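Commentary on secondary and tertiary structure
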Amino acid sequence: MQAYSLAFGFRQPYQALVDSLMCKDAMDHKLDLVKQLGIVLQGTVKPMITQCCIHELYLQGKVIQPAVDLAKTFERRKCNHMEPIPGDDCIANVVGDKNKHRYIIVTQSQHLRAKLREIPAVPVVHINRSVMILEPMSEASVQAKEKAEQQQMLPSALETAKVAQSKPAEEPPRKKRKGPKGPNPLSVKKKKVKRPPAPLPKRPATEDTDKVGGKRKRVEAGQSEHANASSGSGHDRKRRRNGASTTVVSAVRDKGAPDGED
Ligand SMILES: [Zn+2]
C-alpha cells in the first residue's frame, strides 16, 4: 500500500469497498474481514459497502444472515442507484475511470477484478483459499505511478542542477588561499638589492651572462630561500641591479642553488 500512498495519495484510514460475495466468503472461511484487511493493507481500514451490494445480500435471505450482519457494521456508501443494480456494476461505477475517491476494492468477483485492472490506482484485495491477498499493482497502475513519479522528479531535478551550478562558484576561493604560499614578489626584489657583490667563483662569467632568461629565474628562486634571513635595507641600491645581477647569481650558485643546469 505504501506504493499506492506515495504515487496516488492513499491515506489512512483506507476506504475499503467490500462486495457482497466477499462478505459471504469471509463468513464461510471464518475470517475476521476487517482485521485481515488491516494486516494486508498495513494500516487502519474503514470498511464500506454500497447500497446495491448490501441489497444483494438482503435478497439472499436468512441463509447468509451472518454476512448481512457483517455488512451492516460497514459504512454505507451512497451510490445513488435508484433501482439496485448488480454489485459489480455498482462498484465499477463508483470507482469510475480514475478512482478519484481512492477506494480499495475488496471483491471475490473475477469479472470485476479484471475490469479494475484496466483502471489506474485501484488496489484490489481478494481471498484465495482463505488467505487474503492484495493483488500486485496492475500494469495500468504502474504506468500511472511512473508518470506521477516523473512529474515529481522534475522540480527536484532542476534544484539539483542549480546546486551543481553553485558549487563551482564556491571553489575558486580555495585557489586564492594557495597564493600566499608562493614567494612574495616584494621580498624577492629586496633581496636582489641586498647582497653586496660576493667573491666570485670558478665559473666563467660568460656562461651566466649568455643565459639571461635562465639567470633571472635562478635569482628569484635562490632569493626566496633567503627571504627570512635578510631584513629589507638598501633601497638605494636598486639602481645598481643590472650591474649586480651577475654577481648575485653566482653567489647563489655558490651556496648550492637547486637544480643546476650542469
Ligand atoms: Zn449502486
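Our subject in this report is the structure included herewith.

Calculation criteria
- Residues numbered from 1 in each chain as written.
- Predicted model: local features only at pLDDT ≥ 70, side-chain atom pairs only at ≥ 80, totals over all residues.
- Heavy atoms only, no water.
- Pairing = 2+ DSSP bridges.
- Helix = DSSP H or I, 4+ residues; strand = E, 2+ residues; numbered from the N terminus.
- Axes fitted to C-alpha atoms, helices over the stretch in contact; angles between N-to-C directions.
- Contact = heavy atoms within 4.5 Å.
- Donors = N, O, S within 2.8 Å, 3.2 Å for Na, K, Ca; no water.
- Tetrahedral: all angles 85-135°; square planar, octahedral: opposite > 155°, others 65-115°.
- Buried < 20%, exposed > 50% of the residue type's maximum accessible area, 1.4 Å probe, protein only.
- Left-handed = near helix turned anticlockwise from the far one by under 90°.
- Nonpolar A, V, L, I, M, F, W, Y, C, P; charged D, E, K, R; others polar.
- Core = buried A, V, L, I, M, F, W, Y, C linked by side-chain atoms within 4.5 Å.
- 1 Å grid on protein atoms, 1.4 Å probe; cavity = no way out; pocket = protein on both sides within 12 Å on 5 of 7 lines; lining within 4 Å.
- Points joined across faces, edges and corners; volume = space filled by probe spheres on them.
- Salt bridge = Lys/Arg side-chain N within 4 Å of Asp/Glu carboxyl O.

In this structure, strand β5 (residues 124–128) lies alongside strand β6 (residues 131–134), joined through 4 bridges in antiparallel fashion. If you follow Ile-127 over to β6, its bridge partner there is Met-132. The antiparallel pairing of β5 with β6 creates a hairpin that spans 2 residues between the two strands, and Arg-129 there sits at a positive phi of about 50°.

Time to look at the sheet that holds strand β3 (residues 75–77). In space, the 6 strands of this open sheet follow the order β3-β2-β1-β4-β5-β6, with mixed pairing throughout. The open sheet terminates on both sides in strands that have one partner only, identified here as β3 and β6. Direction aside, the axes of adjacent strands within the sheet are offset by 30° on average. Looking at chain direction, strand β2 (residues 45–50) and β3 are connected through 3 bridges and run parallel. Residue pairing in the sheet places Met-48 in a bridge with Glu-75 of β3. Helix α2 (residues 20–28) contacts β1 (14–18), β2, β4 (103–106) and β5 of the sheet and is inclined by roughly 35° relative to β5. The strands touched by helix α6 (residues 87–95) are β1, β2, β3 and β4; relative to β4, the strand with the most contacts, the crossing angle is about 165°.

On to the coordination of the zinc ion, then. The coordination sphere of the zinc ion, as far as protein atoms go, consists of Cys-52 (SG), Cys-79 (SG), His-81 (ND1) and Cys-90 (SG), spread over 2.0 to 2.2 Å. Seen from the zinc ion, its 4 donor atoms lie at angles of 103 to 113°, and the figure they make is tetrahedral. On the basis of relative accessibility, which here comes to 1%, the residue Cys-52 falls in the buried class.

Another aspect to go through is the packing of α2 against helix α5 (residues 65–72). The geometry of α2 relative to α5 is characterised by a closest axis approach of 9 Å and an angle of 120° between their N-to-C directions. Considering only the axes of α2 and α5, their crossing is right-handed. Seen from α2, the contacting residues are Cys-23, Lys-24 and Met-27; seen from α5, they are Pro-66, Ala-67, Leu-70 and Ala-71. Here the contact of α2 with α5 is built from residues that sort into 6 nonpolar, no polar and 1 charged.

With that settled, the discussion passes to the nonpolar core. Counting 48 residues, the largest nonpolar core has Cys-23, Leu-33, Leu-37 and Ile-105 as the members making the most contacts within it. No other element matches the 5 residues that α6 contributes to this core. With near-sequence residues (within four places) excluded, Leu-33 lies in contact with Val-18, Met-22, Ala-26, Leu-70, Phe-74 and Met-132.

Looking now at the pairing of β1. Of all 5 residues making up β1, 4 are buried, and the element is well covered by its neighbours. Pairing analysis gives 4 bridges linking β1 to β2, with the strands arranged parallel. Opposite Gln-15, over in β2, you have Lys-46 as the bridge partner. For β1 and β4, the ladder comprises 4 bridges, and the chain directions are parallel. Residue Ala-16 lies in a different strand from β4, and its bridge partner there is Ile-104.

So, on to empty space enclosed by the protein. It is the rolling of a water-molecule-sized probe over the atoms that shows where space remains empty. Overall, the coordinates contain 6 cavities of 30 Å³ or more when judged by the stated rule. Approximately 50 Å³ is the volume attributed to the second largest cavity. Around the second largest cavity, the lining residues are Tyr-4, Arg-117, Val-122, Val-124, Glu-135, Pro-136, Met-137 and Ser-138. A class-by-class count of the residues in the lining of the second largest cavity yields 5 nonpolar, 1 polar and 2 charged.

On to the pattern of salt bridges, then. Scanning all chains against the criterion turns up 5 salt bridges. The shortest N-O distance in the salt bridge between Glu-149 and Lys-145 comes to 3.3 Å. On the criterion of helical spacing, the pair formed by Glu-149 and Lys-145 is a turn pair, its members being 4 residues apart in helix α8 (residues 139–170). Salt bridges here are not isolated pairs; linked through shared partners, they connect Arg-113, Arg-117 and Glu-135.

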